[in-house]
Each structure stands twice: as structure tokens, then as C-alpha cells.
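Each chain, letter by letter, is given below.
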Amino acid sequence: MLVLISLPVLLVLADATSFQLRNRDTGSLVASGRKRDYPLDLPRSYDRSRPTPLVISMHGAGLWGAAQRDISRFNTVAEREGFIVVYPSGTAGAGPRVWHADGGPGLRAEVRFIAELIDTLKASYNIDPTMVFANGLSNGGGMAFVLSCTLSDRIAAVGTVGAAQLLRFSWCTDRRPVPLINFHGTADRAAPYHGGISWVTPDPFPDVQAWTTRWARRNRCALNPVDSAVASDVTRRTYTNCANDAAVVLYIIRGGGHTWPGGAPLPEWFVGTTSNSIDASSLMWAFFREHPLREAEPAARHQ
């Protein structure tokens, strides 16, 4: 009887311990006077004698580094393809963890943290400086845009999923062409595909197609994109003839929610449908691999 009574408690404790193990951070550093955490996935094939690519993958607002790992499943791609992936956590204050990617006073500290994170990892691992990439979900996608404008001399290419962009594109004074691969669902209720306000913030989001076209202008691409059907619910829009081969690609997921295509399914009642027609992480890595850092004019600094 005692065993039967204790079993539920033991199961709860075991589940809590498992959660802590899955979600613990494997590294930390102090940036701008604050301790910042990050889980790191090192592939078993890592060889110190060979320069290895690095992918920085950033979570959405209210989440954390390990949650981004589990949602994106980028660790699976990293193990298969042999690159390092790190999942830094945003700032935790009085509320949930967020990336201050809205132009406020915390933005400089976020950029400094990512710059110092790259330096820290380069001191411990043989990182290929031409193969450092950044991606993000939602608020993390907004932070990826910030990095493309402030660290474009270090970030080779950027990927975004359901990006919550709250900065005007005119804020980005860095005109260096930065390759972009963008994924967005047409039924995204948090960051609406056609722009406007949502329950997330009273500030309006930009139209996704217009935003992507602005990025294509930044990269000096031909402004007549080519559309191709990838799946019954997915269209790929590609901007070509870009400066420095800095391609811009938009994956339009019809009926897709505020989710990571091919990633872990999230509560559909809250974020909408997760498409499994494509694997955003695998497609993102294939895009990154084709777009190493190219020598160009120095990046503008917003720090």
C-alpha cells in the first residue's frame, strides 16, 4: 500500500528531474553585467583540428534555449551534418525571457551578448569564422534581423520562422547583403502574414511579403521573384541575381500557424497548425551551407 501511495509522487519527481535534465543550460557567460545561459550541442564527429560551422538558434518570447532546441530539432540536423549549434536564452527580468529586439535600451546588451558568445565559443572550439549563422523563432526571428544589421561582418546568413518584426526596416542602416531564408504561415495569428496588430502587441507587424521584398532590395536582388510549389501547402519564393550571391528565399506555408515547420508540434489551439510538409531546420542548414561569409564593406554598428 505504501508503495502504491508513493508511486504517483515518485513519478512526478522523476518527470520533474527529467524536465530539468532536458532543459538545463550547458554554458553561461557574463555579458553587460548579467549572467546569460545557453545550451550547446556538439556533434560526435567534432574534430578540433578542423574548422566547424556554428549556428546560433534563438527562441521566441516566453521560451528559453532548451525549448528552442526541442522545438526546432536543430540538434538532429547538427549531429547529422557535423556543425555546432547553440541556443542562447534571452533576458529574464520581472517577466518571461525575451529578446529586446524592438529598438529599446536593452537592444545593445543583446547584441553584445551574442558577440561575446561567439568569442567565447571560438576560444573553446575551432569555429569556422566564415560559417557563423543565426536563426530564430518569432521574437528570436526579430533578433536575427537585428544581428543581420549589427554583426553582418560576423554573421554569414540569417534564418527566420514566424518572425515577430517590431523594428522598422529603415532602422537597419547596414547595407551589406546578408542572405535570408524566411518561413511564415499564412494563418499565423501572433505575427500575421499580412501584417497588422495581434494579441501579442498593440504595435503593428509588417506584411511578410513586403518585408521580404525590402530585404531583397537591401541585397540588391532582381525584384521579380520566382515562385515554385514545394508541397501542396508550401510555396517557395526566391529572389535571384543578388549582390554577393546573397539570396533571399521565402517559404509560404498555407494554413501554417506560429510554428516551426517540421519541428515539434505545439498546442494547436494556441499557435495553430504545424506543417510537416517541409523540415525548416534541414532547409535552413542547406541554405546556410551555400552562403558562407563573403568579404564586403564593414558592417554598420548600432551597439
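Conventions and cut-offs
Residues numbered from 1 in each chain as written. Predicted model: local features only at pLDDT ≥ 70, side-chain atom pairs only at ≥ 80, totals over all residues. Heavy atoms only, no water. Disulfide = S-S within 2.5 Å. Helix = DSSP H or I, 4+ residues; strand = E, 2+ residues; numbered from the N terminus. Buried < 20%, exposed > 50% of the residue type's maximum accessible area, 1.4 Å probe, protein only. Phe/Tyr/Trp six-rings, centres within 6.5 Å; stacked < 30°, edge-to-face > 60°. Lys NZ or Arg CZ within 6 Å of the ring centre and 35° of its normal. Core = buried A, V, L, I, M, F, W, Y, C linked by side-chain atoms within 4.5 Å. Contact = heavy atoms within 4.5 Å. Pairing = 2+ DSSP bridges.

Asks: Hey, could you go over the state of the cysteines for me, with residue numbers and the actual values?
Replies: Inspection of every chain in the model, using the stated rule, returns 2 disulfides. The residue that forms a disulfide with C149 is C172, at a sulfur-sulfur distance of 2.2 Å. Here C149 and C172 share a disulfide; its torsion about the S-S bond, -110°, makes the bridge left-handed. Of the two residues, C149 is situated in helix α5 (residues 139-150) and C172 in the loop between β7 (157-161) and β8 (180-185); the sequence distance between them amounts to 23 residues. There is a disulfide in this structure between C221 and C242, and the S-S distance comes to 2.1 Å. Across the S-S bond linking C221 and C242, the dihedral sits near 105°, which makes this disulfide right-handed. One end of the pair, C221, is in the loop between α6 (208-218) and β11 (226-231); the other, C242, is in the loop between β12 (234-239) and β13 (248-253), with 21 residues separating them in the sequence. Judged by relative accessible area, C242 falls into the buried class, the value being 13%.

Asks: Please provide a residue-by-residue account of the packing of aromatic side chains, values included.
Replies: Taken as a whole, this structure holds 16 aromatic pairs when the rule is applied. Ring geometry for F74 and F83: centres 6.1 Å apart, planes at 75°, overall edge-to-face. Assigned by exposure class, F74 and F83 land together as buried. On the basis of an interplanar angle of 80° and a centroid distance of 6.1 Å, the ring pair of F169 and W215 is categorised as edge-to-face. Of the two residues, F169 is situated in the loop between β7 and β8 and W215 in helix α6; the sequence distance between them amounts to 46 residues. Neither residue differs from the other here; F169 and W215 are each classed as buried. Through successive ring pairs, a cluster of aromatic residues spans F74, F83, F133, W260, W285 and F288. The side chain of R218 reaches across the aromatic face of W215, ending 5.3 Å from its centre.

Asks: Tell me about the nonpolar core, and please be specific about residues and values.
Replies: I56, M58, I114, I155 and W215 are the most contacted members of the largest nonpolar core, which totals 41 residues. Every element with two or more residues in this core is listed here: β4 (52-58), β5 (84-86), α4 (107-124), β6 (127-137), α5 and α6. Ranked by the residues each element gives to this core, the list is headed by α4, at 8 residues. Leaving out residues up to four positions away in the same chain, M58 has contacts with Q68, P88, W99, I114, A134, N135, G136, L137, G140, M143, A144 and L147. Counting residues in hydrophobic clusters, the runner-up holds 28 residues, among them F74, V85, A157 and F288.

Asks: Which residues make up the pairing of β13, and what values go with them?
Replies: Counted residue by residue, β13 has 6 buried out of 6 residues, so it is predominantly covered. Of the two faces of β13, the one holding V248, L250 and I252 and the one holding V249, Y251 and I253 are both buried throughout. For β8 and β13, the ladder comprises 6 bridges, and the chain directions are parallel. Note that in β13 the partner of H184 across the bridge is I252. Taken together, the 6 bridges between β12 and β13 define a ladder with antiparallel strand orientation. Along β13, the bridge assignment pairs T238 with V249.

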